[in-house]
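Secondary and tertiary structure notes
The primary structure of each chain is shown beneath.
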Amino acid sequence: AAMMAAAVARRGRLGQEGRASLYSFLLGASVAALPLLLGSSPSLLAAPGLRGRLALVLHVAGVNAALLLIYPRPLYKIAVRACFLGFAFGCGLLLSTGRSAWRHFGWYMCSLSLFHYSEYLVTAINNPRSLSLDSFLLNHSFEYNLAALSSWVEFTLEKLFFPELKQITWLSTVGLLMVIFGDCLRKAAMLTAGSNFNHIVQNEKSDTHTLVTSGVYGWFRHPSYVGWFYWSIGTQVLLCNPICVVGYALASWRFFRERIEEEEITLIHFFGEEYLEYKRKVPSGLPFIKGVKLEL
């Protein structure tokens, strides 16, 4: 958060879309204040009674009505997505508090929602020209959504039949540290690359496109992919999902191997020998992935 705040100060004020998303995310996250307003325990969400459920429904309805009144249709589409992610983050905070059996799932909810929202916010800071609803990465791909659903199903089933498996706090803590490391590395890569970063592989070189080799790009050629790789596996370690840990590792490795090869063909086309020299000196950062095998 401090890194993104510094970036905002350095690059100037957020545009209208960025501001709308930030206010809406915070408005959604205000659900975490419900226990204070109701005079209830923070575990309100883990086992809510009628009062807790009613409070959640009224909160969602009230916030949505406020967004409809405040923002015109184009900004509302941004605001409602950011608000949804903020609401998920706030609910995650509620679950994370206390000794609820769902505490680790609360950590996961915070991690997932913050990852997707920060993708949009950093794009708004760095490269507003490429900003769109897709910048939230909520509709990344069918495979991505299926993987998320699979992890929720595994967690729920194992919690029902093997509840002790979901209470290994030291393992969930390792997963949380992987998540924090991965997300921080990815956002550092996005901020370092500035307007050169885009969620879509570019096939045409723009006038402002430069080869970034400083900062985290001096450690790895593809730090944003390295961060996302360990973040995704970390979410499953956090949830103590043994099946999805293996599945996520294999699927993510295959996806990033193909993505890196595709991207490096473009980078060699853009920068020629300059990129090939950089490629020789700096590793990709992902295990057993050397990138495209191509020489001029």
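The structure contained in this document is the topic of the report that follows. (Residues numbered from 1 in each chain as written. Predicted model: local features only at pLDDT ≥ 70, side-chain atom pairs only at ≥ 80, totals over all residues. Heavy atoms only, no water.)

Here we look at the packing of helix α8 (residues 169-193) against helix α9 (residues 223-238)
- Here α8 crosses α9 at 160°, and the two axes come no closer than 7 Å. With respect to their mutual orientation, α8 and α9 come out roughly antiparallel. Taken as a pair, α8 and α9 cross one another with a handedness that is left-handed. Between α8, through L171, S172, V174, G175, L176, M178, V179, G182, D183, L185, R186 and A189, and α9, the contact on the second element is made entirely by P223, S224, V226, G227, W228, Y230, W231, I233, G234, T235, V237 and L238.
- Split into classes, the residues belonging to the contact of α8 with α9 amount to 15 nonpolar, seven polar and two charged. (Axes fitted to C-alpha atoms, helices over the stretch in contact; angles between N-to-C directions. Helix = DSSP H or I, 4+ residues; strand = E, 2+ residues; numbered from the N terminus. Parallel < 35°, antiparallel > 145°, perpendicular 65-115°, else oblique. Left-handed = near helix turned anticlockwise from the far one by under 90°. Contact = heavy atoms within 4.5 Å. Nonpolar A, V, L, I, M, F, W, Y, C, P; charged D, E, K, R; others polar.)

Quick word on the environment of L165
- Its place among the elements puts L165 in the loop between α7 (142-161) and α8.
- A relative accessible area of 25% means that L165 is categorised as partly exposed.
- In this structure the C-alpha to C-alpha distance between L165 and L239, which are 74 residues apart in sequence, comes to 9.3 Å.
- Discounting chain neighbours no more than four positions away, the residues touching L165 are E158, C240 and P242. (Buried < 20%, exposed > 50% of the residue type's maximum accessible area, 1.4 Å probe, protein only.)

Re the pattern of salt bridges
- All chains considered together, the criterion is met by nine salt bridges.
- For E119, the salt bridge goes to K187, with nearest N and O atoms at 2.9 Å. With E119 in helix α6 (residues 103-126) and K187 in helix α8, this residue pair connects regions lying 68 residues apart in the sequence.
- A residue is classified by how much of its surface remains accessible, and E119, at 0% relative accessible area, is buried.
- Since its relative accessible area comes to 4%, K187 is described here as buried.
- Measuring nitrogen to oxygen at the nearest pair gives 2.5 Å for the salt bridge that ties R280 to E273.
- Through salt bridges with shared partners, a single network forms among E119, D183, R186 and K187. (Salt bridge = Lys/Arg side-chain N within 4 Å of Asp/Glu carboxyl O.)

Here's the deal with unusual backbone geometry
- Unlike most non-glycine residues, C240 shows phi in positive territory, near 55°.
- What makes C240 buried here is its relative accessible area of 4%.
- Even without glycine at this site, F288 takes up a positive phi of about 60°.
- As for its placement among the helices and strands, F288 is situated in the segment after α11 (273-281).

Describing the packing of aromatic side chains
- All told, the structure shown has 17 aromatic pairs when counted by the stated rule.
- Ring geometry for W102 versus F155: centroids 5.6 Å apart, planes at 50°, classification tilted. Of this pair, W102 sits in the loop between α5 (73-96) and α6 while F155 sits in helix α7, placing them 53 residues apart in sequence.
- Taken together, the ring pairs connect F115, Y144, Y225, W228, W231, F255 and F256 into an aromatic cluster. (Phe/Tyr/Trp six-rings, centres within 6.5 Å; stacked < 30°, edge-to-face > 60°.)

Focus: the side chain of S113
- Within the secondary structure layout, S113 lies in helix α6.
- Taking relative accessible area as the criterion, S113 reaches 3% and is therefore assigned buried.
- At 3.4 Å, the side chain of S113 and the backbone nitrogen of F89 are in polar contact.
- A distance of 2.7 Å separates the side chain of S113 from the backbone oxygen of M109, its partner in a polar contact.
- Each residue touching S113, except ones within four places of it in the same chain, is listed here: L85, A88 and F89. (Polar contact = N/O pair within 3.5 Å; in protein donor to acceptor, adjacent residues only side chain to side chain.)

Let's talk about helix α2 (residues 16-29)
- Across its 14 residues, α2 extends 20 Å between first and last C-alpha, which sits within 8% of the 20 Å expected from 1.5 Å per residue.
- Buried within α2 we find G18, A20, S21, S24, F25, G28 and A29. The buried side chains of α2 occupy one side of the element, clustering within an arc of 160° when seen end-on. (Expected span 1.5 Å × (residues − 1). Arc of directions from axis to C-beta.)

Remarks on the nonpolar core
- By size, the foremost hydrophobic cluster in this structure holds 50 residues, and its most contacted members are Y217, W228, W231, Y275 and L286.
- When residues of this core are traced back to their parent elements, those giving at least two are α4 (50-70), α5, α6, α7, α8, α9, α10 (242-271) and α11.
- Element by element, the count of residues in this core is highest for α9, at eight residues.
- Mapped onto the domain boundaries, this core takes at least three residues apiece from domain 1 (1-138) and domain 2 (140-291). (Core = buried A, V, L, I, M, F, W, Y, C linked by side-chain atoms within 4.5 Å. Domains from an automatic or database assignment.)

Digging into the state of the cysteines
- A complete count under the given rule lists zero disulfides for this structure.
- Between C91, a free cysteine, and C110, which holds the nearest cysteine sulfur, the sulfur-to-sulfur gap is 9.4 Å. (Disulfide = S-S within 2.5 Å.)

Examining the side chain of H116
- Within the element layout of this structure, H116 appears in helix α6.
- Ignoring any residue separated from it by four or fewer positions in sequence, one finds H116 in contact with L85, S135, F136, L137, L138 and Y144.

Distances and angles like these do not, on their own, reveal function.
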